[in-house]
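# A closer look at the structure
Residues per chain, in single letters:
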Amino acid sequence: MATAAPRRRTPAALKRYNEKRRFDVTSEPRGEAAARSQGDAFVVQQHDATRMHYDFRLELDGVLLSWAVPKGPSLSPDDKRLAVQTEDHPIAYRNFEGNIPHGEYGGGPVIVWDRGRWKPEGDARAALKKGHLTFSLDGEKLKGRYSLVRTRTGSGAGPKQGPKSQWLLFKRSDEYVRSGPAAEITQREPNSVISGRTVKQVGEALSGKRRTTAASVPTRTAKAKAPTKAAAKQAGKASKLPSLSSIEPQLATLVDRPPSTGRWVYEIKYDGYRMLARLDRGKVQLRSRNQLDWTRTFPGIAAALSKLDVASAILDGEVCYVTADGRSSFQDLQRVLPRGGGEIRADQQKQLVFYVFDVLHHDGVDVRDEPLVDRKLRLKILLGKKPPWPLVYSDHIEGDGDTVLTQACASGLEGLIAKRRDAAYHSGRSADWLKLKCHRRQEFVIVGYTASQARTGFRSLLLGVREAKALRYCGKVGTGFDQALLEDIGARLQKLVTDEPAVSDPPRMRGVIWVKPQLVCEVEYTEVTRDGALRHPSFQGLREDKPARQVKREKAVPVAAIEKEEDMHATASEAGKPRRTKVEASPDRPRKQSSARSGDVVEIGGVRISHADRVMDEASGVTKRELAEYHELVGPLLLPYARKRPIALVRCPQGDAQQCFFQKHKLPGLGDEVKKARIAGNEVIYVESQRGILELVQFNAIEIHGWGATMDAPDKPDWIVIDLDPDTALEFSDVVEAALEVRDNLDRIGLASFVKTTGGKGLHVVVPLEPHAGWDSVKGFAQAIASAMAEQQPDRYVANMSKAKRKGRIFIDYLRNGQGATAVLPYSPRARPGATIAMPVEWKDIRRIDPKEFTVRSAERWLKKRKRDPWAELLTTRQRLPDLD
DNA sequence: GAGTCCA
DNA sequence: TGGACTCAACGCTTG
DNA sequence: CAAGCG
Ligand SMILES: [Mn+2]
Ligand SMILES: [Mn+2]
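It should be emphasised that the depicted structure is a prediction, and the values quoted were computed from it without experimental measurement.

What counts, and at which threshold
Residues numbered from 1 in each chain as written. Chains lettered and ligands numbered in written order. Predicted model: local features only at pLDDT ≥ 70, side-chain atom pairs only at ≥ 80, totals over all residues. Heavy atoms only, no water. Helix = DSSP H or I, 4+ residues; strand = E, 2+ residues; numbered from the N terminus. Contact = heavy atoms within 4.5 Å. Areas by Shrake-Rupley, 256 points an atom, 1.4 Å probe, with all protein chains shown as cover. pLDDT = per-residue confidence, 0-100. Donors = N, O, S within 2.8 Å, 3.2 Å for Na, K, Ca; no water. Buried < 20%, exposed > 50% of the residue type's maximum accessible area, 1.4 Å probe, protein only. Expected span 1.5 Å × (residues − 1). Pairing = 2+ DSSP bridges. 1 Å grid on protein atoms, 1.4 Å probe; cavity = no way out; pocket = protein on both sides within 12 Å on 5 of 7 lines; lining within 4 Å. Points joined across faces, edges and corners; volume = space filled by probe spheres on them. Nonpolar A, V, L, I, M, F, W, Y, C, P; charged D, E, K, R; others polar. Domains from an automatic or database assignment. Near = heavy atom within 4 Å. Polar contact = N/O pair within 3.5 Å; in protein donor to acceptor, adjacent residues only side chain to side chain. Core = buried A, V, L, I, M, F, W, Y, C linked by side-chain atoms within 4.5 Å.

The helix and strand tally for chain A stands at 20 helices and 42 strands. Within chain A, contacts between residues separated by at least 24 positions form 67% of all contacts whose residues are at least 6 apart in sequence. Carbon and sulfur atoms form 49% of the exposed surface of chain A, whose accessible area is close to 43700 Å².

A word on the confidence of the model for chain A. Here chain A averages 80 in pLDDT, and 82% of its residues register 70 or above. Of the regions scoring below 50 in pLDDT, residues 155-163 engages in 10 contacts with residues more than four places distant in sequence or in other chains. Taken together, the stretch residues 207-236 has pLDDT below 50 and engages in 31 contacts with residues farther than four places along the chain or on a different chain. This complex was scored by the predictor with a pTM of 0.54 and an ipTM of 0.80.

It is worth spelling out the coordination of the manganese ion (ligand 1) at this point. Reference geometry at the metal: tetrahedral coordination by four donors gives ideal angles of 109.5 degrees; octahedral coordination by six donors gives 90 or 180 degrees. Surrounding the manganese ion (ligand 1) are the protein donor atoms His47 (ND1), His53 (NE2) and Asp55 (OD), at 2.2 to 2.4 Å. Mapped onto the sequence, the residues coordinating the manganese ion (ligand 1) show the spacing H-x5-H-x1-D. For Asp55, a relative accessible area of 6% corresponds to the buried category.

Bound to the manganese ion (ligand 2) are the protein donor atoms Asp723 (OD), Asp723 (OD) and Asp725 (OD), situated 2.1 to 2.6 Å from the metal. Judged by relative accessible area, Asp723 falls into the buried class, the value being 7%.

The next thing to look at is helix H18 (residues 732-748). Its 17 residues give H18 an end-to-end C-alpha distance of 25 Å, which sits within 8% of 24 Å, the value for a rise of 1.5 Å per residue. Buried within H18 we find Phe732, Val735, Val736, Ala738, Ala739, Leu740, Glu741, Val742 and Leu746. Buried residues in H18 make contact with strand S36 (719-726), strand S38 (763-768), helix H19 (775-792), strand S39 (797-798) and strand S40 (810-813). In the segment just after H18, Gly750 is the residue with positive phi, at about 80°.

This next bit is on the pairing of strand S4 (residues 81-90). Of all 10 residues in S4, seven are buried; the element is thus mostly enclosed. In the sheet, strand S3 (residues 63-69) pairs with S4 via five bridges, with the strands oriented antiparallel. Paired with Leu64 across the bridge in S4 is His89. Judged from the four bridges that link them, S4 and strand S9 (residues 166-171) form a sheet pairing that is antiparallel. Among the inter-strand pairings, Leu82 is bridged to a residue of S9, identified as Leu168.

Taken as a whole and assessed by the stated rule, the structure comprises two cavities of 30 Å³ or more. Approximately 60 Å³ is the volume found for the largest cavity. Residue lining of the largest cavity: Leu244, Ile247, Pro249, Arg274, Met275, Leu276, Arg287, Ser288, Arg289 and Gln291, and that is the complete set. Element by element, the count of residues in the lining of the largest cavity is highest for strand S12 (residues 273-280), at three residues. A per-class count over the lining of the largest cavity returns five nonpolar, two polar and three charged. Estimated volume of the second largest cavity: approximately 50 Å³. Looking at the lining of the second largest cavity, its residues break down into seven nonpolar, no polar and three charged. Counting residues domain by domain, the lining of the second largest cavity receives three or more from each of domain 3 (602-706) and domain 4 (719-876).

Our next topic: the protein's contact with DNA strand C. What surrounds DNA strand C is a group of 23 residues, the closest being Leu254, Thr479, Asp482, Lys664 and His665. What you see for DNA strand C is that sugar and phosphate hold 66% of its atoms within 4 Å of the protein. Contacts to DNA strand C include Ser538, whose side-chain N or O atom sits 3.3 Å from a phosphate oxygen. In this structure, His665 approaches DNA strand C through a side-chain N or O atom, which is 2.6 Å from a phosphate oxygen. Among the elements that line the surface near DNA strand C, the one with the most residues is strand S32 (residues 661-663), at three residues. For the surface near DNA strand C, a count of residues per class yields six nonpolar, eight polar and nine charged.

Further remarks concern the nonpolar core. With 83 residues, the main nonpolar core has Leu696, Ile720, Leu724 and Ile846 as its most contacted residues. When near neighbours in sequence (up to four residues on either side) are disregarded, Leu724 contacts Val735, Ala738, Ala739, Val742, Gly762, Leu763, Val765, Ile810, Phe811 and Ile812. In this structure, Met275, Leu286, Leu333 and Val365 belong to the second largest nonpolar core, which totals 34 residues.

The following block contains the structure:
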């Protein structure tokens, strides 16, 4: 939208701002020195551009000084937030909220997240120049003292702005300081102070994508719109009504966050028994996933189904016990189910609801191939405007997954099922249906622990929460700790041991060690069980800042739950348990063959290898067994280099196509032949035998990387690795020429070198050394070589690891040569498609080989073919770094 | 892969 | 017993 | 400080 031409003079300071914007496209205000401000305004705008950030702006001398703060302000002095200074903005900008069009500079929604007045301590202009400004804010959210400290001054003076100057924004101590989650004010108070909207909502408003619910679909009558049998027949889909035992329901895959692409609808996740219903001319049958017949157990549901106005149908849904507050409770459902079948007591029948969410077959037509939303419309019509109680149509909503989930969780739901809007009904588990769980987190007092025989530190922490006067026990948490935490917390707890349980209701358990209730931790969980224990608890961290007495339950426990708990202890009621066991024990579906066989345990090289048929490399199909056999073959070749050398592993439990991770410490369960030791305070692992290597394979280690030194002299490197990492655009032959050049340079200073492939396009040039020099000199030497080459031929080499600068060049990575740094060992397999390996080769052959041809499977052939070990002299070469004067 | 909790 | 949950590195460089 | 890198 065009605005009237400015009359007022535009300050030079705003020139850059105006240059970047096209005011006929964006609704941002034009840069004009604005009136009606007292000269001390501040504003924080949340801006969902390419990257989410907060624009922190202080008014000074007629403009808004601006910083982009990626993480936004914090209320804790411990959180120093990077603030990149950006161009000055006109003062009118402080009220801007809306959408900057895509493609425009800084495109994306903006909200005014906070605003108010600010006041510098001392002379603001001098402080800015100095790079250290302290001030106080009086906004709606941010209050009190803050500082901006410059850490790097930008060279952005010229027309081509260089790197911008960088600052740190952080809270100074005063009464407004908060710590822990409370400090994350951007999370706790995400809404605009002007409109109350979130930045996402502003973004959605623009795109005109309105959230729609299925309820807004115009109601049609069955006669008018429901696809008729005749029409369906024409489509060739008419079919006989199948039996329930022939149908396996569609299942959802648990994921940790809503999908970001594709069209999805969201339904409530119910906590009950999944049930298929079959209606055939008034005759009803209800069946659960384990093929038990429940028709007689739920007569009310069966009766309601028989009243539906259809000749035949198969419906899918969930039978739930609905509590007074309207939630479905699996535990209550279990409780009321009669032992050994039979009908449910009448007074409990009325708590039961059958939520119906799908239709598979309708009046002689198999509708499973219809898109989900069509099936649901069909279902809605089928059930009628007022479905006979206790049938309920399970509605869905469309919209942004994050938003829907947040709202669902806030309203107390257990979670959501996301379903692909247009997908057909597919039996079994797939990614068309996703299970999204709400997670709750809360602080608890640690009131005790149990000891572990298997790991260091402790087995689990006993948690308590303040309720009225007393501390109430609320279960254990045993996961979420890393090694360090296990040791640290374990040591602290030992100092707090006491005989007296701090909780008023100590559980009767063996092996509990009580501690004084002083430590506070945060725990995430999915729900609180009926007797007050946490379900699926996981440790999130210690809360060092919080006194134990402040820890209270955020939401009151329903009184009923506590009463019931006492009931249970008194009567030891086990109602429902046998049934539950039975339900849970039956397999939910035929397992995939790969994991079904427990028989694929083999022994290779004297080491037990489980899941031997697991595919470790998708591309080639190489299995764990083949990997172990490979190591049996190359053990004698690899071991001289791997022996007593601190190593790091790349482990890929689900194969190399999935998530792999690094490991450099010993874990419980790793075999005895994997040794550990301490070097300079850090734990390292190493092996001395082929058995040790095979034990790594059993842990799904694919790659083995090693230090540049051995345990014999961990401070004195015994080789240098010059690692050549090409830009993806380059060919292997380019890397070969580089390697030869490195070799020649080394030759010239009298150092012999060897070369190996690395499984990809890269090469390693290895210079054996007598262990004589320290890490710093060795790394310094490697860097000198890298820098010299990069300097002489900047178009071919870089000595800087930034990928951006690598374009069309080779990164000469000298950083493999520091203490603790690792490089892949010769003969190590690589976790990449094809199961390639790192292979030593002769310099004279290097131009003729293709590194992709050396694989776990082809290794034997190549090894037979070669005349001699290309690295035969490496271990006997005695050479030292030259004196570099 | 293994340790942990809970139903 | 089985599902769910979690962990399994790290130091250096660069922006 | 935080992200990127290997
Ligand atoms: Mn911005
Ligand atoms: Mn490399």
